[in-house]
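Residue strings, one per chain:
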Amino acid sequence: MAHQPRKMLDLLSMSTQGDLGALTMYTSQRGKLVIFPRAPPLNPPSLEQARQRQQFNATAIAWWSLTNEQRTAWKTAAIRAHLRITGYNLWTYWRLTGDKPTIETIERQAAISLL
């Protein structure tokens, strides 16, 4: 009986992680669905948390301001370089760190121009 909610959500093609209404859920390491009441933070975010959220927000906006060809290049580079992250994750890394040598290495490995 414990697997019924998981099977129903899987049948509906719903991801069984994150918040859904008043519930938070995730899949445990044992493959079991864990559901509990959502518990929003009691305190407002710190200045550092607000700054980091703003950085991630600006990165997402910048991603969608790229052309389709540019986004495809980042996605392709991640695949060709056999990274275990998506092109968006690679873009986010670049935007948040500015680590040009790493991106240049990935460009060489993937034989694709990103910067």
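All chains use their own residue numbering, which begins from 1 and follows the written sequence. Residue-level local features of this predicted model are given only where pLDDT is at least 70; pairs of side-chain atoms are given and counted only at 80 or more, and the full residue set underlies all totals for whole chains, interfaces and linings. Water and hydrogen atoms were dropped before computing side-chain values, which therefore reflect all heavy atoms in the structure.

A. Molecular detail of the pattern of salt bridges. What makes a salt bridge here is a side-chain nitrogen of Lys or Arg within 4 Å of a carboxyl oxygen of Asp or Glu, nothing more. Taken as a whole and assessed by the stated rule, the structure comprises three salt bridges. The residue Arg51 makes a salt bridge to Glu48 at a minimum N-O spacing of 2.6 Å. Of this pair, Arg51 and Glu48 both sit in helix 2 (residues 47–65), three residues apart, which is roughly one turn of the helix. The classification of residues rests on relative accessible area computed with a 1.4 Å probe and restricted to protein chains. Under 20% of the type maximum is buried, over 50% is exposed, and intermediate values are partly exposed. Classification of Arg51 by relative accessible area gives partly exposed; the value is 39%. A helix here means a DSSP run of H or I that spans at least four residues, while a strand means a run of E at least two residues long, and both kinds are numbered starting from the N terminus.

B. Fine view of helix 5 (residues 100–110). If you check which residues of helix 5 are buried, you get Ile103, Ile106, Glu107 and Ala110. Angular distribution of buried residues about the axis of helix 5 spans 105 degrees; they occupy a single face of the element. For helix 5, exposure combined with an orientation more than 90 degrees from the buried face picks out Pro101, Arg108 and Gln109. Any two residues whose heavy atoms approach within 4.5 Å are treated as being in contact. Residues of helix 5 that are buried make contact with helix 3 (68–80) and helix 4 (87–97). Residue Ala111 follows helix 5 closely and has a positive phi angle near 55 degrees. Our arc is simply the arc of the directions from the helix axis toward the C-beta atoms.

C. Structural view of the pairing of strand 2 (residues 23–27). By definition, two strands form a pair when at least two bridges between them are found by DSSP. Pairing geometry for strand 1 (residues 18–20) and strand 2, over three bridges, is antiparallel. In the sheet register, Gly18 faces strand 2, and the bridge partner there is Met25. The turn joining strand 1 and strand 2, which pair antiparallel and follow one another in sequence, is formed by two residues; a positive phi near 65 degrees is taken by Gly21. Bridge count between strand 2 and strand 3 (residues 33–37): five bridges; the pairing is antiparallel. Paired with Thr27 across the two strands is Leu33, which belongs to strand 3. The turn linking strand 2 back onto strand 3 is made up of five residues, and Gly31 within it adopts a positive phi angle of 85 degrees.

D. Structural context of the packing of aromatic side chains. Aromatic pairing here means that ring centres of Phe, Tyr or Trp (its six-membered ring) are within 6.5 Å. Orientation follows from the plane angle: under 30 degrees is stacked, over 60 is edge-to-face, and everything else is tilted. Under the definition given, this model contains four aromatic pairs. Summarising the aromatic geometry, the rings of Tyr26 and Phe36 are spaced 6.4 Å apart at their centres and angled 70 degrees between planes, so their arrangement reads as edge-to-face. Taken together, the positions of Tyr26 in strand 2 and Phe36 in strand 3 put the pair ten residues apart, joining distant regions of the chain. On the accessibility criterion, Tyr26 (39% relative accessible area) is partly exposed. Here the aromatic rings of Trp63 and Tyr88 are separated by 5.3 Å at their centres, their planes lie at 75 degrees, and the arrangement is edge-to-face. In this pair, Trp63 sits in helix 2 while Tyr88 sits in helix 4, placing the two residues 25 residues apart along the sequence. One aromatic cluster in this structure is built from Trp63, Trp74, Tyr88 and Trp91.

E. Broad picture of the sheet that holds strand 3. Spatially, three strands are ordered 1-2-3 in an open sheet, and the strand pairing comes out antiparallel. Looking at strand neighbours, the two that pair on one side only are strand 1 and strand 3, the edges of this open sheet. The mean angle between the axes of side-by-side strands here comes to 30 degrees, regardless of whether they run parallel or antiparallel. Between N-to-C directions, angles span 0 to 180 degrees; the directions come from axes that are lines fitted to C-alpha atoms, helices contributing only their stretch in contact.

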